[in-house]
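Observations on the three-dimensional arrangement
These are the residues of each chain, in order.
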Amino acid sequence: MIKHHPQEALLLAHAKGELPLSMAIAVSAHCTLCAKCTAIVAALTEQEAQATLSAGSPEDRVTASETDMTLVPDPLPRELQAMLAHIFSQPEANVIPSHAPISLSVRTTTYSIPAVFRQHLTRPWQQLGKVCRMRFDVDELNTRASLLHIDALGEIPQHTHKGYELTLLLAGEFTDINGEYVPGDFILLDNQTHHAPKTKTGCLCYTVLDAPLHFTKGLSKLLNPIGELIY
Ligand SMILES: [Zn+2]
């Protein structure tokens, strides 16, 4: 069961369409895997829509306060009215939105991942040992978003972060000092956490980092290549 969800502030910003691309992808992909957060975002979106409607646009307020005229839309031509009435009278289709998961092959495994990733899978995989990374083009200063794949029995050396580190587990499992994670877990860490994620069976994650990793054990010079791969 998913234990780690986006903070409500993130869900609200997502509902308002205010998240940067890297984080919007993460929250959207999490919601694909989490019915609970999907319901919260739907409720927040509805709430925002209601608030926007009752506030009205600035032009509307000027019109209402400065004139007594009531704006009545031009009546629709009779044929158009009839046509719309006909359209609206049809039963609602049970549309299956084009949110079907996409399949992605990495190394020897094919994964099913949320559709939100589709348009971002443009760059080749880079590999170092058991770790593969596919960078996304998000164009956000120091923020970097990637898919990260770790083979079975792979591990990221113990590190902390100068900024934040978001990991959304998409498939497989990994563990760190805070326990075990399952697909859908949304793990947002600050620079206080030192951890060394490791996986027994392999995993696929989406990661967002806004600064390079800082290794806290071993010779950082030797670890630089893996750090560069992950950031
Ligand atoms: Zn959730």
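That block above? That's the structure.
A brief look at the structure comes next.

What counts as what
- Residues numbered from 1 in each chain as written.
- Predicted model: local features only at pLDDT ≥ 70, side-chain atom pairs only at ≥ 80, totals over all residues.
- Heavy atoms only, no water.
- Donors = N, O, S within 2.8 Å, 3.2 Å for Na, K, Ca; no water.
- Tetrahedral: all angles 85-135°; square planar, octahedral: opposite > 155°, others 65-115°.
- Helix = DSSP H or I, 4+ residues; strand = E, 2+ residues; numbered from the N terminus.
- Salt bridge = Lys/Arg side-chain N within 4 Å of Asp/Glu carboxyl O.
- Expected span 1.5 Å × (residues − 1).
- Buried < 20%, exposed > 50% of the residue type's maximum accessible area, 1.4 Å probe, protein only.
- Arc of directions from axis to C-beta.

Structural notes on the coordination of the zinc ion
- Here the zinc ion is held by H5 (ND1), H30 (NE2), C34 (SG) and C37 (SG), and the distances to it run 2.0 to 2.3 Å.
- Its four donor atoms give the zinc ion angles of 101 to 115° at the centre, a pattern that matches the tetrahedral case.
- Mapped onto the sequence, the residues coordinating the zinc ion show the spacing H-x24-H-x3-C-x2-C. Here the residue H5 occupies a position in the segment before α1 (8-15), and C37 occupies one in helix α3 (residues 35-55), the gap between them amounting to 32 residues.

What about the pattern of salt bridges?
- With the rule as written, the count across this model stands at three salt bridges.
- A salt bridge links D151 to R107; its shortest N-O distance comes to 2.4 Å. In this pair, D151 is assigned in the loop between β5 (144-150) and β6 (159-161) and R107 in the loop between β1 (102-106) and β2 (109-113), connecting sequence segments 44 residues apart.
- When the shortest N-O distance is used, the salt bridge between E155 and K198 registers 3.7 Å.

Observations concerning α3
- An ideal rise of 1.5 Å per residue puts 30 Å on 21 residues; α3 measures up with 30 Å between its terminal C-alpha atoms.
- Residues of α3 that are buried: C37, V41 and L44. The buried side chains of α3 occupy one side of the element, clustering within an arc of 65° when seen end-on. In α3, the exposed positions angled more than 90 degrees off the buried face are occupied by A35, L53 and S54.

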